[in-house]
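# Coordinates in review
So the chains spell out like this:
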Amino acid sequence: MSRFQLFLRRLNIRVCLIVVVCGVVAIFLLMPKIASWALTTMDIPDTQQRQLRNLRDRGHVTNLAALDLSLMTDEELLLTVHSYPDNTNTICERKLRMGNLEDGGWEICDDKDVRPTPPCTIYSFGINYDFSFDDDAARYYGCHVFSFDPSMGIAPDRFNRSSHIHFYKLGISHQNVIDSKGWELKTFSALKQLLGHRDNLIQVVKMDIEQAEWKTIEEMSQSGQLATIGQFLVEFHVVSDSRDYLLPRLKVMQILERAGFKKFYVHKNTYCGTLVRGFPATRTECYEVHYVRR
């Protein structure tokens, strides 16, 4: 092989190496743009992008107080009922979970301006034989906890679980009545009167009463009792998508906002998973919403 031929071979090798290196550099520099293009054009179909845009436009997450809910379309009502209780609109710098990590436990805002301090009172509606929230709240905050559940058939009508936890086989409702199951139900103000708390601030109210929360909260507003509550922990149950069902329930959420309550923590109960039209992922029929009023 002549020197000239050897030179050409070496030149070709060097050119090939330069081409390869340039190609690698070009791919490296273009990779972010290629990935972005792939995500926007392949991984997220246009129909899903439209669905998300529609959800963001029509599913309100805050500021219900300023809206005329009756003017909402059926779609707006549905998207908002499943958006509003799933998003917060205030910050609690420290939350402490009282009770079980899963079902039965609830968060209390421990910020200095709203934390329960003795002498303090907590109402806990809906026990179902699980006192874990009540036990922890009494133990760590030193509050007297009044526990209510008319469905606990084997429990005495009234007993002291401890020096700070007091159980009553009574339920809360929008009226004072004995229902078809034989359960004795009372309004929030009637219960406060019964316990000698008529003019007292109730630092925390926890409420899980299986769909009875809607009319109960409405009555609490009408009787002026929402102003006597510091933190309100409630499970909202949404089990229908008809307009006649959704509108009054969204109005209850609006009532709470107008009463000065803000959402510092929300949680979707996984036991109630469901699909909802207009949402890209699984929702729930049970929203655990934690409110604070500052």
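These numbers come from a predicted model, not from an experiment. (Residues numbered from 1 in each chain as written. Predicted model: local features only at pLDDT ≥ 70, side-chain atom pairs only at ≥ 80, totals over all residues. Heavy atoms only, no water.)

What follows is about the overall build of the protein chain. On a plain count of helices and strands, the protein chain comes out with seven helices and 15 strands. The buried share of the protein chain, taken over its 294 residues, is 43%. Counting only contacts in the protein chain whose residues sit at least 6 apart along the sequence, the fraction spanning at least 24 positions is 62%. When the accessible surface of the protein chain is totalled, it reaches about 16300 Å², and 54% of it is carbon and sulfur. (Helix = DSSP H or I, 4+ residues; strand = E, 2+ residues; numbered from the N terminus. Buried < 20%, exposed > 50% of the residue type's maximum accessible area, 1.4 Å probe, protein only. Contact = heavy atoms within 4.5 Å. Areas by Shrake-Rupley, 256 points an atom, 1.4 Å probe, with all protein chains shown as cover.)

Let us look at the layout of surface pockets. Of the volumes computed, that of the largest pocket is approximately 800 Å³. Elements that contribute at least two residues to the lining of the largest pocket include exactly strand 7 (171-172), helix 6 (213-222) and strand 11 (229-237). It is helix 6 that provides the largest number of residues to the lining of the largest pocket, a total of three residues. Counted by class, the lining of the largest pocket contains 15 nonpolar, eleven polar and eleven charged residues. (1 Å grid on protein atoms, 1.4 Å probe; cavity = no way out; pocket = protein on both sides within 12 Å on 5 of 7 lines; lining within 4 Å. Points joined across faces, edges and corners; volume = space filled by probe spheres on them. Nonpolar A, V, L, I, M, F, W, Y, C, P; charged D, E, K, R; others polar.)

Let us now look at the sheet that holds strand 9 (residues 184-186). Sheets are built from strands paired through backbone hydrogen bonds, the pairs being either parallel or antiparallel. The strand order across the open sheet formed by three strands is 7-9-8, and the pairing between neighbours is mixed. Across the chains shown, the open sheet's two edge strands, defined by having one partner strand only, are strand 7 and strand 8 (177-178). Bridging between strand 8 and strand 9 involves two bridges; their strand directions are antiparallel. Bridge assignment links isoleucine 178 to a residue of strand 9, and that residue is glutamate 184. (Pairing = 2+ DSSP bridges.)

Evaluated as defined, the whole model comprises 15 aromatic pairs. Their ring planes at 65 degrees and their centres at 6.4 Å tell us that phenylalanine 131 and phenylalanine 159 sit as a pair that is edge-to-face. Taken together, the positions of phenylalanine 131 in the loop between strand 3 (121-125) and helix 4 (132-141) and phenylalanine 159 in strand 5 (residues 158-160) put the pair 28 residues apart, joining distant regions of the chain. Ring geometry for phenylalanine 131 and phenylalanine 167: centres 6.1 Å apart, planes at 70 degrees, overall edge-to-face. A residue pair is termed long-range when its members are at least 10 positions apart, and phenylalanine 131 in the loop between strand 3 and helix 4 and phenylalanine 167 in strand 6 (residues 165-168) qualify at 36 residues. (Phe/Tyr/Trp six-rings, centres within 6.5 Å; stacked < 30°, edge-to-face > 60°.)

What follows deals with the environment of lysine 169. Within the secondary structure, lysine 169 sits in the loop between strand 6 and strand 7. In this structure the C-alpha to C-alpha distance between lysine 169 and aspartate 149, which are 20 residues apart in sequence, comes to 5.1 Å.

Further remarks concern the state of the cysteines. As enumerated under the stated definition, the model contains three disulfides in all. Here cysteine 272 engages in a disulfide with cysteine 286; their sulfurs sit 2.1 Å apart. Here the disulfide of cysteine 272 and cysteine 286 is left-handed, its torsion about the S-S bond being about -85 degrees. Here cysteine 272, found in the loop between strand 12 (261-268) and strand 13 (273-274), pairs with cysteine 286, found in strand 15 (residues 286-293); they are 14 residues apart in sequence, far enough to count as distant. By relative accessible area, cysteine 286 is classed as buried at 6%. Counting only the cysteines that take part in disulfides, in the order they occur along the protein chain, gives the pairing 1-2, 3-4, 5-6. (Disulfide = S-S within 2.5 Å.)

Inspection of the secondary structure assignment puts glutamine 254 in helix 7 (residues 243-258). Of the polar contacts made by the side chain of glutamine 254, one reaches the backbone oxygen of leucine 64; its length is 2.8 Å. Ignoring sequence-local partners within four residues, the contact set of glutamine 254 consists of Leu64, Ala65, Leu67 and Leu69. (Polar contact = N/O pair within 3.5 Å; in protein donor to acceptor, adjacent residues only side chain to side chain.)

Attention shifts here to the nonpolar core. If you look at the biggest cluster of nonpolar residues, it comprises 46 residues, and the most contacted ones within it are Phe125 and Phe232. The biggest single contributor to this core is helix 7, with seven residues. Among all residues touching phenylalanine 232, those that are not within four sequence positions of it are Val205, Met207, Ile217, Leu256, Phe261, Val289, His290 and Tyr291. One finds Ile122, Ala155, Ile165 and Val292 within the second-largest nonpolar core, a separate group that totals 24 residues. (Core = buried A, V, L, I, M, F, W, Y, C linked by side-chain atoms within 4.5 Å.)

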